[in-house]
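# Overview (structure and organization)
Letter by letter, the chains look like this.
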Amino acid sequence: MTIAVCPGSFDPVTMGHKDIIVRAARMYERVIVAVAESPSRKAPLFSLEKRLKFLNSSLLGLDNVGVAGFDGLLVEFAKAKKASVIIKGLRAMTDFEYEFQMAQINHKLYPEIETVFLVARPRYSFLSSSTVKEVAVYGGCLDDLVPEEILIKASILFLASSFSLRSAQRRQ
Ligand code: PNS
């Protein structure tokens, strides 16, 4: 059985992430969505617990997909789960340099692992967790940006976090 891991920060999961996971689930017998507890590039807005909950709700019904948090090196997580493939989505050339570097270092650390890139569908090529957060903080509509299953919960949490952010800014 070929097991693939689909890693990321998922802060929060977007429609673009879901599309990649659904497509990976058609290609591999088992897909484990690996959620980095402390992503290297920036501190997450949502706790690991919330990010896992959002993913679990968004991926209901995908029987060969599981969701798990991890801390430390991705390749160690992949080894522990007996995964031989890392799946990453590529939206544009701007993603490529970073993802290329990650694939090379992951191969250096664990030569048995293969990184497979799935090209984002054009309708999701502009979409990222950061743009979702930016839209949400200013009260914009998240329809078609995050999975329907988490739309209401994510919007409420965003409103709460933007409210506390603005209150903190006013106090300064
Ligand atoms: O959603 P992102 O920001 O593209 O996810 C990046 C992530 C979490 C996949 C990457 O930062 C990662 O693999 N972190 C775990 C630490 C690791 O193994 N880094 C690669 C070797 S330096």
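Residues numbered from 1 in each chain as written. Predicted model: local features only at pLDDT ≥ 70, side-chain atom pairs only at ≥ 80, totals over all residues. Heavy atoms only, no water.

To be explicit about the condition: UniProt positions are given in the numbering used here, feature names are shortened, and annotations may be inferred rather than shown by experiment.
As annotated in an unreviewed UniProt entry, the protein chain carries the name Phosphopantetheine adenylyltransferase and is attributed to Candidatus Hakubella thermalkaliphila. Here is the UniProt Function (unreviewed entry) comment for the protein chain, exactly as written: "Reversibly transfers an adenylyl group from ATP to 4'-phosphopantetheine, yielding dephospho-CoA (dPCoA) and pyrophosphate."

### Quick word on the UniProt feature "site: Transition state stabilizer" (unreviewed entry) in the protein chain
As a reminder of what qualifies: The numbering of helices and of strands both runs from the N terminus, where a helix is a DSSP run of H or I of at least 4 residues and a strand a run of E of at least 2. Using a 1.4 Å probe on the protein chains alone, a residue whose accessible area is under 20% of its type maximum counts as buried, one over 50% counts as exposed, and one in between counts as partly exposed.
When the UniProt feature table is mapped to this numbering, "site: Transition state stabilizer" (unreviewed entry) covers His17. Assignment of secondary structure puts His17 in helix 1 (residues 15-27). Classification of His17 by relative accessible area gives partly exposed; the value is 23%.

### Points about the pattern of salt bridges
The criterion, for reference: A pair is scored as a salt bridge if a Lys or Arg side-chain nitrogen falls within 4 Å of a carboxyl oxygen belonging to Asp or Glu.
Using the criterion set out here, one finds seven salt bridges in the structure. The partner of Glu49 in a salt bridge is Lys53, with the nearest N and O atoms 3.8 Å apart. On the criterion of helical spacing, the pair formed by Glu49 and Lys53 is a turn pair, its members being four residues apart in helix 2 (residues 48-58). Among the residues examined, Glu49 registers a relative accessible area of 54% and is labelled exposed.

### Let's talk about the sheet that holds strand 3 (residues 65-70)
Heads up, the rule is: Whether two strands pair comes down to DSSP finding at least two bridges between them. Think of each axis as a best-fit line through the C-alpha atoms, taken over the contacting stretch in the case of a helix, with angles from 0 to 180 degrees between the N-to-C directions. When checking whether two residues touch, look at their non-hydrogen atoms; a contact exists if any pair is within 4.5 Å.
Taken together, five strands build an open sheet; the order of strands is 3-2-1-4-5 and the sheet is parallel. Of all strands in the sheet, those with a lone pairing partner are strand 3 and strand 5 (114-119), marking the two edges. Taken pair by pair, the neighbouring strands of this sheet meet at an average axis angle of 30°, ignoring direction. With six bridges connecting them, strand 2 (residues 30-36) and strand 3 associate as parallel partners. Each bridged residue has a counterpart across the sheet, and for Val33 the counterpart in strand 3 is Val67. Set on the sheet, helix 4 (residues 93-109) makes contact with strand 4 (85-90) and strand 5; between it and strand 4 the angle comes to about 170°.

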